[in-house]
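Each chain, written out:
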Amino acid sequence: MVGGFSILLWVGAFLCWIAYGIQYSSDKSASLNNVYLGSVLVLVVILTGVFAYYQEAKSTNIMSSFNNMIPQQAVVIRDSEKKTIPAEQLVVGDIVEVKGGDQIPADVRVLSSQGCRVDNSSLTGESEPQPRSSEFTHENPLETKNICFYSTTCLEGTVTGMVINTGDRTIIGHIASLASGVGNEKTPIAIEIEHFVHIVAGVAVSIGILFFIIAVSLKYRVLDSVIFLIGIIVANVPEGLLGTVTVTLSLTAKRMAKKNCLVKNLEAVETLGSTSIICSDKTGTLTQNRMTVAHLWFDNQIFVADTSEDHSNQVFDQSSSTWASLSKIITLCNRAEFKPGQENVPIMKKAVIGDASEAALLKFSEVILGDVMEIRKRNRKVVEIPFNSTNKFQLSIHETDDPHDKRFLMVMKGAPERILEKCSTIMINGEEHPLDESTAKTFHTAYMELGGLGERVLGFCHLYLPADEFPETYSFDIDAMNFPTSNLCFVGLLSMIDPPRSTVPDAVTKCRSAGIKVIMVTGDHPITAKAIAKSVGIISANSETVEDIAHRLNIPVEQVNQRDAKATVVTGMELNDMSLEQLDEILANYQEIVFARTSPQQKLIIVEGCQRQDAVVAVTGDGVNDSPALKKADIGIAMGIAGSDAAKNAADMVLLDDNFASIVTGVEEGRLIFDNLKKTIAYTLTKNIAELCPFLIYIIAGLPLPIGTITILFIDLGTDIIPSIALAYEKAESDIMNRKPRHKKKDRLVNKQLAVYSYLHIGLMQALGAFLVYFTVYAQEGFLPHTLINLRVEWENDNVNDLEDHYGQEWTRYQREYLEWTGYTAFFVGILVQQIADLIIRKTRRNSIFQQGLFRNKVIWVGIASQIIIGLILSYGLGSVTALSFTMLRAQYWFVAVPHAILIWVYDEVRKLFIRLYPGSWWDKNMYY
Amino acid sequence: MTKDEKSLNQCLAEWKLFIYNLTTGEFLGRTAKSWGLILLFYLVFYGFLAALFSFTTWVMLHTLNDEVPKYRDHISSPGLTVFPKPVTALEYTFSMSDPTSYAGYIADLKKFLKPYTLEEQKNLTTCPDGALFEQEGPVYVACQFPLLLLQACSDMSDPGFGYSKGKPCIRVKMNRIIGLKPEGVPWIDCVLKNEDQTNITTYPYDGITDLKYFPYYGTKLHVGYLQPSVAVQVTLAPNSAEKEVTAEYEIDGSPKLKSQDDRDKFLGQVMFKITAHA
């Protein structure tokens, strides 16, 4: 975690130990401070590591609770006997049998099948069940109908097939290895931290070398100068920051987990905030991954059905008697049933036995008509012909629920054009009309329109069999087809789609206003993809693709000016023929892009293309086919409920509610944490100078050391920790969701302005304030500032026990040392008091503190209280513990630095005022961090 | 490899551009005007800070009394120190036959005794013995400290302070602390580690420090103040070639003056070692 940082601390620790080694070799009684410091540094690294590990492990635990790993079984024919064996024992050449509801145990070539349909959505993104038979239909194994893939589910029917690939050699296995082959990119925050470490190291080494040269020219021994050099470098290491950053990130991670964004990798917390492109999968992410009735057509009219998650209000006109007939067909010509034992589950959430479109129809009719099973019971089914791919229709014959009507009712549904062929009349307003040219035309227009929406259209028709020809005792025979299947009455059309989640359009709009480009990348068909893209706003209402323009102007596609089109739909086939440059061009030129029919490899290429544009790319997905792209992305976001394990493993973040809208929350939190980390770092860096200056003055002017190593540690790892974490709770200064995503290379976490302002402005002011307290303490005890200059050698000489002060008093070494510790405590208190001011000014970067509200962030006050309490405990509680070198400080010294603290506040308010007054001015450019 | 070289070249070029950019006239990333502005800003800013710091320090210094420090809590009890100052930590090593080995000690002692010469002391007051000499000011006088008190260890009787004879003189003095008023009869007590071989004499007798030298009023007021001290003469047994004596002194007789402290080895006590070669 935060690699560069730990390295900095490790280097610091080793330098400390080296320094001690040097001191020890020349003086056996050298102080152990350096050893302690080194050990503390290592301890910080280890503790932070353990903390981060614990945090991430907690997320992983939540993850693993999703996988209920049931060992998969397979029915295999071996030695001409059916056996059930664990799926991993299958070998190539085994003949396996799979029935509806089972998972496919390996890649299987179909030998024979009966009405088999599989759910390939996790592999290809197709929401609809795919029929499987023994015919070879396509060169591409993913497209051909005679291969079932490992880990997909057989929804219905049975299939017998031969195993052709197992384990890693399956298509899923290939994708998995593709995913594991993708290197883990550095997260943007890791890059930022590294950049920050470079700055800190640069500053440390340059100050170190500068003062090394000064020390040598001041005739210090070279060895001592080396110790100084190391001391300066180590003093620059912000010991507390690694822990603070980790805690801050995990606080945000926790906050995000509450909003259903589970972060697996702490560093990924910020990534969403800097995201500039989201490549979203369609199925299950933008859509509900559930076929739902979207439109109806009857009485020559198209009606819109409610496709929201709960189907709450179906507002279309249900008074027409055509609807009565249509609803009867929908209810009766349907083999899907609810699984038993779900009485208390809302209808839309009930599990259904049957394929996706039948389930959609079942739920649709259950919502509108009430108990479907009861209706079916009243209209007893006499005989039925299930759907098959040659007939392309489904038929059943029922008794009617009207006891006076002895006729049988034949109901039929299927592909609209096949249904229409079988009809001679059409029902309009409950009356049968002959089907003529003009009604056929309206039918076709409606069919085309619904098909154009990317919806799956079904036609419905019925026929009341005359009672004289088909008496109650008539025996129907499906093989002989001893009943009419033509001259039926056409009733209506129903179209279904996997509808978008209701929260998605809003979320897409929010992403847009936050300057994030949303690209759809799906394995599904372009028409469906485009329709969903339009309905969620990925393609906005008023933008057109080249094809749309061509269609509108009625000109060939080639003549359309490419620039006029804002949106584009690119299919996998087109992508195959494209060079990388062409892809880059598309990504750069179009605002609204949909990629359809893409393979996992192509998803990867698209993500890489986006990354070549210097974008921070987020990929959302749920299927196995998404996992390589999830891994490749700067941040992979998997769906928690619908997502496959492969996707969740590859992702950095999991949306527990599968809701795309949660991403917006994530973006907001990510941006906020970036801003707040800036504040935290600025806060922490400031006192570095106040801690370093004493050492530099000590070397140059020979003052008794104003602040000791241990004391510094108590600031860095004691009083300053809670305040710097408290900054993570700071609210945003302006609407961060209306701002463009930060530029990866321009908007740095720690920029020059931040470093300069912290080091050379506030840091220096702080140092001066702390020196004032230090000088006051010494002066009031008898050592006036001028007497301190160049006193160092005598002061630290153990054999000088009668050092004279300004007033002629003589001090023993220990008395001096005790005074030195009082000096440390005074300097410590000086820094502490001014850090309170520093903490308050860091609440905002542009706004006045009074605009932000001094008391809105309560945690800041907890931080300030903690600072003061820790300070009091150190000075008054532990003042007698020699090793800590704190002493009881007179109460008034706490107030010496207060004017400086106020000055810091006023100065920063002035800075912010000028920034607000003169945006873009010299001041703004140099002072805004 | 070629990529690396290229990036190295690029890196160099970027640095060159950073150091001096011909087209924009930027030097180290800033134009002359920009440098001027920023330097001016820092000049003003730091000028202001320096002035502010000087002012606050000046104010702070003005709250101080020039004669007495505000607080004396860090030196409540005096330390004991010895003269001459040994080269290494409180170990005197010299050879009786080699005057150069102890010339440093003698010079040190002489320097220390300089204010005690009769000439220097002739303007000082003779104070009544045995009581604190408290003064109200505005003029504070210093009491005489007759060198005669030190008898054999005053340079009047032996300018060599006995080093050549194997009877080296060491002076033990109490640190000056303003306003310190010991009670009782403070005396500097000797604890000799290997008593049988040596003889030790303390001047004045028993190391008594007269109360009239207290309290001290600080360099500014108490001009010419002579701090009382005790001379110790160690007579090393003449028979052996190399002699070693470890002596420890501590303040006794005044409960206010501490002589035991775990951390401060010089608070009211001092220990030193004398090694004399033939």
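Being a predicted model, the structure only gives us computed values, none of them experimental.

Draft legend 1. Layout of unusual backbone geometry. A cis amide bond links Phe83(B) to the next residue, Pro84(B), at an omega of -10 degrees. Residues Tyr203(B) and Pro204(B) are joined by a peptide bond in cis, for which omega reads -15 degrees. Structurally, the position occupied by Pro204(B) is in the loop between β7 (199-203) and α5 (218-221). The backbone of Asp79(A) shows a phi angle near 50 degrees, a positive value even though the residue is not glycine. Positionally, Asp79(A) belongs in the loop between β1 (73-78) and β2 (81-86). Under the relative-accessibility criterion, Asp79(A) is labelled exposed at 61%. In this model, Asp658(A) sits at a positive phi of 55 degrees, which is unusual for a non-glycine residue.

Draft legend 2. Molecular detail of the state of the cysteines. Scanning the model with the defined rule gives 1 disulfide over all chains in all. Between the sulfur atoms of Cys127(B) and its disulfide mate Cys143(B) the distance is 2.0 Å. Across the S-S bond of Cys127(B) and Cys143(B) the torsion is about -105 degrees, and the bridge reads as left-handed. With a gap of 16 residues between them, Cys127(B) in the loop between α4 (118-121) and β5 (169-174) and Cys143(B) in the loop between α4 and β5 connect regions that are remote in the sequence. Each member of the pair Cys127(B) and Cys143(B) is classed as buried. Not engaged in a disulfide, the cysteine Cys333(A) finds its nearest cysteine sulfur in Cys461(A); these two sulfurs lie 8.5 Å apart. Judged by relative accessible area, which is 1%, Cys333(A) ranks as buried.

Draft legend 3. Molecular detail of the domain arrangement of chain A. All names here are of chain A. On domain assignment, one finds that chain A holds domain 1 (1-61 + 187-237), domain 2 (71-181), domain 3 (261-287 + 501-658), domain 4 (292-423 + 454-497) and domain 5 (692-927). Taken over C-alpha atoms, the centre of domain 2 sits 29 Å from the centre of domain 3. Taken together, the contact between domain 2 and domain 3 spans 12 residues of the former and 16 residues of the latter. Here domain 2 packs against domain 3, burying approximately 1200 Å² in sum over the two surfaces, 57% of which is carbon and sulfur. Applying the counting rule to domain 2 against domain 3 returns 1 salt bridge. A salt bridge links Arg597 to Glu143; its shortest N-O distance comes to 3.1 Å.

About the thresholds
Residues numbered from 1 in each chain as written. Chains lettered and ligands numbered in written order. Predicted model: local features only at pLDDT ≥ 70, side-chain atom pairs only at ≥ 80, totals over all residues. Heavy atoms only, no water. Helix = DSSP H or I, 4+ residues; strand = E, 2+ residues; numbered from the N terminus. Buried < 20%, exposed > 50% of the residue type's maximum accessible area, 1.4 Å probe, protein only. Disulfide = S-S within 2.5 Å. Domains from an automatic or database assignment. Contact = heavy atoms within 4.5 Å. Buried area = accessible area lost by both parts, 1.4 Å probe. Salt bridge = Lys/Arg side-chain N within 4 Å of Asp/Glu carboxyl O.

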